[in-house]
Amino acid sequence: IEVEGRFNRATAQLPEQKEIPELLRQVSNLGRDSGLDVLLFRQRPEVFQELYAEVPVEMSVRGGYHQIALFFDKVRHLDRIVNVADISIKNPRPVNGQMQVDASFFATTYRFLSEEERERIAKEKEQAKKKK
């Protein structure tokens, strides 16, 4: 029962396909709400695993270091899982008495695959094995 409870809590944190656009809008809005200029917000192709898909978004922002940290903290408190990785901070420069930097990173969320998607992916993997 404990394992089932943990599984149910984890599934609640993974959005369904129809929720992905709204979640991505939330992440973009959090950047702006944190005082950042969002320079790039590009959804990359999904990466399929056995039970879930990774939904990566390439982002570039400009603002103060504190604003970037505030954005990451806001993302951390979302109801859904969003992993921020491959963070690069560069080009520090003073702007109106404040230090500004450019940051680029990937914000990745996850979604459970539908039964149909899992079956299709399993078939594709099986066909790939036969070709080898």
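Throughout what follows, the structure given in this document is the object of discussion.

Calculation criteria
Residues numbered from 1 in each chain as written. Predicted model: local features only at pLDDT ≥ 70, side-chain atom pairs only at ≥ 80, totals over all residues. Heavy atoms only, no water. Helix = DSSP H or I, 4+ residues; strand = E, 2+ residues; numbered from the N terminus. Buried < 20%, exposed > 50% of the residue type's maximum accessible area, 1.4 Å probe, protein only. Contact = heavy atoms within 4.5 Å. Areas by Shrake-Rupley, 256 points an atom, 1.4 Å probe, with all protein chains shown as cover. Polar contact = N/O pair within 3.5 Å; in protein donor to acceptor, adjacent residues only side chain to side chain. Pairing = 2+ DSSP bridges. Phe/Tyr/Trp six-rings, centres within 6.5 Å; stacked < 30°, edge-to-face > 60°. Expected span 1.5 Å × (residues − 1). Arc of directions from axis to C-beta. Patch = residues over 30% accessible without salt bridge, like charges linked within 9 Å, V, L, I, M, F, W, Y side chains within 5 Å. Salt bridge = Lys/Arg side-chain N within 4 Å of Asp/Glu carboxyl O. Axes fitted to C-alpha atoms, helices over the stretch in contact; angles between N-to-C directions. Left-handed = near helix turned anticlockwise from the far one by under 90°. Nonpolar A, V, L, I, M, F, W, Y, C, P; charged D, E, K, R; others polar.

**A short note on the overall build of the protein**
The helix and strand tally for the protein stands at four helices and five strands. Its helices and strands taken in sequence order, the protein reads α-α-β-β-β-α-β-β-α from the N to the C terminus. Looking at the protein as a whole, 30% of its 132 residues are labelled buried. Sequence separation of 24 or more characterises 62% of the internal contacts of the protein that already satisfy a separation of 6 or more. With an accessible surface of roughly 9000 Å², the protein has 51% of that area assigned to carbon and sulfur atoms.

**Describing the environment of His77**
Note on placement: His77 falls in the loop between helix H3 (65-76) and strand S4 (82-95). Within the structure, His77 has its side chain in polar contact with the backbone oxygen of Asp73 (distance 2.8 Å).

**Things to note about the pairing of strand S3 (residues 52-63)**
Bridge count for strand S1 (residues 37-43) against S3 is six bridges, and the pairing is antiparallel. Bridge pairing links Asp37 to Arg62 in S3. Here strand S2 (residues 47-48) pairs with S3 via two bridges, running antiparallel. Paired with Val47 across the strands is Glu54, a residue of S3. Connecting the antiparallel pair S2 and S3 is a turn made up of three residues. Judged from the 12 bridges that link them, S3 and strand S5 (residues 98-112) form a sheet pairing that is antiparallel. Across the sheet, residue Gly63 finds its bridge partner in S5, namely Val101.

**Describing the packing of aromatic side chains**
Evaluation of the coordinates by the stated rule reveals four aromatic pairs. Arranged with centres 5.7 Å apart and planes meeting at 50°, the rings of Phe71 and Phe72 form a pair that is tilted. Ring centres of Phe72 and Phe105 lie 5.2 Å apart, and the angle between their planes is 85°; on these two criteria the pair is classed as edge-to-face. Taken together, the residues span a long stretch of sequence, with Phe72 in helix H3 and Phe105 in strand S5 at a distance of 33 residues.

**Remarks on helix H2 (residues 20-33)**
Here H2 contains 14 residues, and its C-alpha end-to-end distance of 20 Å stays within 8% of the 20 Å for a straight helix at 1.5 Å per residue. Those residues of H2 that fall on the buried side of the exposure criterion are Ile20, Leu23, Leu24, Val27, Ser28, Leu30 and Gly31. With its buried residues spanning 150° around the axis, H2 presents them on a single face. In the core, the buried residues of H2 are packed alongside S1, S3, H3, S4 and S5. Of the residues trailing H2, Gly35 is marked for its positive phi of about 90°.

**Points about a nonpolar patch on the surface**
On the surface, a nonpolar cluster with roughly 310 Å² of combined accessible area is contributed by Tyr65, Ile87 and Ile89. Its location among the elements puts Ile89 in strand S4. Given the relative accessible area of 39%, Ile89 is considered partly exposed.

**Details of the packing of H2 against H3**
Viewed as axis vectors pointing N to C, H2 and H3 meet at an angle of 145°, and their least axial separation amounts to 9 Å. Crossing of H2 against H3: the hand is right-handed. Judged by residue contacts, Val27, Leu30, Gly31 and Asp33 of H2 engage Phe71, Lys74 and Val75 from H3. Split by residue class, the contact of H2 with H3 holds four nonpolar, one polar and two charged.

Purely geometric stuff here, so don't read any function into it on its own.
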